[in-house]
Amino acid sequence: MSNPATPPRSLAEALRARDDTSLAVLLRARPDLITPVPTDLTQLATRAGTRASVLRALERLDRFALQTAEALAVAADPASYDDLLGLMAGDAGDPPVTAALPRALGALRDQALVWGDDDRLRLVRTAREVLAPSAQYPSPTGLGPTVREATSGMSPGRIQEIVAGAGLPSTHDPVSAVDALTKLFGHRKKMARLLAAAPAESREVLGRLVWGPPYGQITPEPAAHLRWLLDRGLLLPTAPGTVVLPREVALHLREGRAHREPEPAPPAVEPTATHRPQVVDATAAGQAYTALATVEELLKDWDEGGPAVLRAGGLSVRDLKRTAVALDVPEPIAAFWVELAYAAGLLASDGEADERYAATPAYDEWLDRPPAERWALLAEAWLTATRTSGLVGGRDAKDRALSALGPGLDRSAAPEVRHRVLTLLAALPEGTAPAAESVLARLRWERPLRGPQVGVPPRERSRAWGREDDLRSRLARWTLTEAELLGVTGRGALSAHGRALLGAPPVEKTPGKTPEQPAGPGDKLPVHHHHPLTALEALEPLSPPEQAAATANAVRLLAPLLPEPLDHVLLQADLTAVAPGPLRRPLADALGVLADVESKGGATVYRFTPASVRRALDAGRTASDLHAFLTTHSRTPVPQPLAYLIDDVARKHGHLRVGAASAYVRCDDDTVLNEIMADKRAAALRLRRLAPTVLATQADPATLLEGLRAMGYAPAAESAEGDVLITRAHAHRTPPRTAPEPVPDGPPPPDTTLLSAAIRAIRAGDLAATAPRKPTGTAVKGGELPRTTPAETLATVQAAVLTGDTLWIGYVNAEGTASQRVIAPIRVEGGFVTAYDHTADEVRTYPLHRVTGVAELAEE
C-alpha cells in the first residue's frame, strides 16, 4: 500500500488514495467504468485511460473545464497549478478565470482525467494525445508544437545556425542548443528585445499565425521578412514549403494565454418576454387539449387500418402528406404527432402479411382515461423518447431517406437535451420565455464537444466539435417547438404542470407583487446570470418512483385547466350542429357517424347530409333512434329541415335489396327498377331483369351498392337469408404491442445501491491484489494466483481457523473463471472451508479442491 503522504506515481495510486465518496462521484459521472465492475483499482485506472472512455468523458465537459484540459495538454508534463493558472489567465491575470479555475480542475480530477497534487498535475495520456498539438494538427487552442518537437528532425548544423541567428552562443550538442532556444523564447524581456528588432512585415506574419492555425506556406526562396524569422527560429520548417510558429513564441505573443477567449462562466439564458403565469398555464393547457384531440383524430383516421408499412419500414412520403392534410398541419408537425403516438405505444404495425399501421389495444385504454392523465402519458413518452421526428425527410449516413416510423431516427442524446432545455426554462422567473439563441449558446457551453463526430479521426475531432449546426443544437430547437405543441410550455414559457413534470419545486409567490405585463419589443428585460449552477439548473432526471410522483402532481395541476366535456350540441336550421366545446366520447362517436365534421377549432361544426344519415342507418340506427338522439342532446329544437332529411333518407333506405347473383337487386315496386334500367348511369353495372321485381348483374354486391348510391338511391345489403345486413365501423387493432425502448446514450447512471456494491467489490479486489504477503517457497509474480499443494493449502487454512489470520487465496469457480480473494477462515470440514470473504463482504463456503493455493498476509 502507498503512503498517503507520498505523491501518487500513477492514476491507480491516485484512485487508491480516494475515499468512497470521491469514487462514487467518478463512477456516477463515468458509468462506463463499472460496466462490468472492475476487479480492482488498477483495472479501474486502466479502463479510465482507454480512448473510448476518455473521449466520452471529454464530451461531457463544459467549455471552461475543456479549456482547462486543453491548457494542460500544451503545458509541461507534469505541470504545477501556477503553470496552469498562467496559461489560463495570462501574464496580466484574469480574476474571473482565477476564481473559476479550481472548480474546473476539480471537475477534471473528479472524472479521473487529471491526477496528481497541485505541484505535479498530470493529464491522462489518452486525453493528452487527443488534445495536444501534433505534426499534422494544431491543438484546439491553436498552438503548434514546441521548439523541441519542431526541431526533432533538423540537422545539428542548422540548429546551431538558428541559435547564432537568435543571438545565443553556440553549444556543443543539439540538445543544449534547443534548450537554450526554448529558454530564450520563454523569457519575456529577452523575447521583447528580439521582437523589437524585427521588421514590421515579420511582426505582421507572426500576428496572423499567433492565434492559429500556426502553420503557413513559404516559397523555396522566401522573402526577406520571412527569412529574418526563419534565421532566428521564430518560424521553423516542418515540411517542404511549410513552416510553423513554435508554441513558446506563440505563448509570448499571447501574453501567456493558451486561449484567446477563456469562458469561465456560462452564458446567461436571455429572456425575450414575460407573461402572467395564469396566461402561460391557460395557453399551455389549451395546447395540451389540442394535442390530445390531434392524436385522437390521427388514430381515428387509421381506425380501420392505416397506411401500409414500407418494405424498409416506416411511412411513405405520400402517406405522410395525406396524414398532414387530414390533420391540417405541415408535414414535419404531422411526423411529430405520428412519432409521439408510436413512442407512447398507441400506434404500431399490425404484423399481417399485408402489413399496415393501426392503433394498439393500449389506445382504447388511453381513451378511457381522464384527459390530464392522457396528456401525462404523451408528455412522459416524449421526454424519454430517443426517436427524433425532426430528422424525418433527411438522409442517413448511407444517403437513404429517413421516413416517419422508419429506422434510423433514434438519437441517444435527445432525452438529455430535452430535459436540459426544460431545466433551463425552469430556472427562469415564472412566466418568462427565453431567447432560443441564448438557450443554444448555453447548451454549447455546457457540451461543446457534442457535435457531428461520426467517422472523424480523433486528431480531427477538435475541428468538428462545437459547430453551431450540430445535432445537439437542432435537438434543442426541436425541443422548444415540440414543448409548445405538446402544451409543456405556453407562449414560450414553462407552465406550472410542465415544471411539475420535471420534478422542479413550484415558484414561490412574492406577497403583494403585481404580475408583470407582457414585454414589448423595445422593453429591456432583466438578465439572470447563473454561475455556479442554481438548484433548478442542476436538476437531474428523476428515478421511476420520483417520476411517477412528479407526473401525478402535473396531472393534478393540469386537470382544472382543461375544458370539461359537454353532453350537448346546438342544432341549426342550415343542417349543421355546433359543439361549443369538447364532447363526451359516446356523444362525439355517435355524432361522428350521423354527421360530417365541417370545421374544427374552439367550436366544432358538424354537417348533416343524406350520405351521413344513410351511414347512421347502415350502422343499425332507425329514424326514431336518430330523432330521439338529437332531441336528447340538443339544447335547441330539432330543425324541421333536419327532421325531413332523416325521414326522407329512412323512407328510401332498404327499399332496394342487394344480394349475390354475382349480385342482384330486388324491389317490391317494379317502377323503381324500371327507372334504374332506363338510367344511362346504370349502363356500367350491366343489369338485366330476372323478374318484374329482381335485377341481376355480374358485378359484386359492394360495387352494385356503391353504383346505386352514386345514382341517388339508398339500397340496403341483405344476407343469404334475406335479412338486412347492418354495417358497423370496424376498429382494426394490432396485437398487444409495447412502446419502443429508448436507445441509451451509453450505460445508465448507477443508482446508490449499485454504486455501493461496486465500490465495495473494487476495494475488496484491490485489497486482494495489493495486500502484502509473507514469502512462500514458490515465488508469485504480479497478477498470478498463489500456488500450493493440497496438503499445504489444508494445513494453512486449518491454522488460520485457530489463529484468526486472514489469508490470500486463488480460486477457480465452476465456470473456470480464476480470481484472487482475501478471506478469514471460520471452519474447515468435509472438504470445504467457510470463511468471511473480504472481497464479497459476506460469509461464503469454498470447495478446497478449487483453491489453487494460499498465502498468509504480512502483518501490516
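Residues numbered from 1 in each chain as written. Predicted model: local features only at pLDDT ≥ 70, side-chain atom pairs only at ≥ 80, totals over all residues. Heavy atoms only, no water.

Undergrad: Looking at this structure, how should I read the sheet that holds strand β15 (residues 604-607)?
TA: Ordered by their spatial adjacency, four strands build an open sheet running β12-β13-β15-β14, and the pairing between neighbours is antiparallel. The sheet is open, and its two edges are formed by β12 (570-572) and β14 (596-599), each paired on a single side. If you compare each strand with its neighbour and ignore which way they point, the axes differ by 30° on average. For β12 and strand β13 (residues 576-579), the ladder comprises three bridges, and the chain directions are antiparallel. Pairing of Q572 across the sheet is with T576, part of β13. (Pairing = 2+ DSSP bridges. Helix = DSSP H or I, 4+ residues; strand = E, 2+ residues; numbered from the N terminus. Axes fitted to C-alpha atoms, helices over the stretch in contact; angles between N-to-C directions.)

Undergrad: So what exactly am I meant to see when it comes to the side chain of Q547 here?
TA: Relative to the helices and strands, Q547 is located in helix α26 (residues 544-558). Classification of Q547 as buried rests on a relative accessible area of 17%. Other than its neighbours up to four places away in sequence, Q547 contacts E380, L501 and L542. (Buried < 20%, exposed > 50% of the residue type's maximum accessible area, 1.4 Å probe, protein only. Contact = heavy atoms within 4.5 Å.)

Undergrad: Would you explain the packing of helix α20 (residues 371-384) against helix α24 (residues 471-486) in this entry?
TA: For any two helices packed against each other, the geometry comes down to the angle between their axes and how far apart the axes lie. Their axes nearest at 11 Å, the elements α20 and α24 cross at an angle of 170°. One element, α20, and the other, α24, form an angle in the roughly antiparallel class. Here W375, L378, A379 and W382 of α20 come into contact with α24, specifically with T479, E482, A483 and L486. A per-class count over the contact of α20 with α24 returns six nonpolar, one polar and one charged. (Parallel < 35°, antiparallel > 145°, perpendicular 65-115°, else oblique. Nonpolar A, V, L, I, M, F, W, Y, C, P; charged D, E, K, R; others polar.)

Undergrad: What is the right way to look at the nonpolar core in this model?
TA: The tendency in soluble globular proteins is for nonpolar side chains to be buried as a group. Ranked by internal contacts, the top residues of the largest apolar core, which has 92 residues, are L58, F185, L234 and L235. Of all hydrophobic cores here, the second largest spans 73 residues; its members include A334, A385, V417 and V555. (Core = buried A, V, L, I, M, F, W, Y, C linked by side-chain atoms within 4.5 Å.)

Undergrad: Help me understand the sheet that holds strand β4 (residues 236-239) in this model?
TA: What links the strands of a sheet is backbone hydrogen bonding, and the strands pair in either a parallel or an antiparallel sense. Pairing is antiparallel in the open sheet, where three strands are placed in the order β3-β5-β4. The open sheet has two free edges, formed respectively by β3 (215-217) and β4, since each of these has just one partner strand. Along the sheet, successive strands turn relative to each other by an average axial angle of 40°, direction set aside. By the bridge criterion, three bridges tie β4 to strand β5 (residues 242-244) in an arrangement that is antiparallel. In the strand pairing of β5, L236 is matched with V244.

Undergrad: Honestly, unusual backbone geometry in this entry has me stumped. Any pointers?
TA: With the exception of glycine, most residues fall at negative phi, and the peptide bonds are largely trans. Between T35 and P36 the backbone carries a cis peptide bond, its omega angle lying at 0°. Tracing the backbone shows P36 in the loop between α2 (20-29) and α3 (41-48). One non-glycine residue, R491, lies in positive phi territory at about 55°. Turning to its location among the elements, R491 is positioned in the loop between β10 (489-490) and β11 (493-494).

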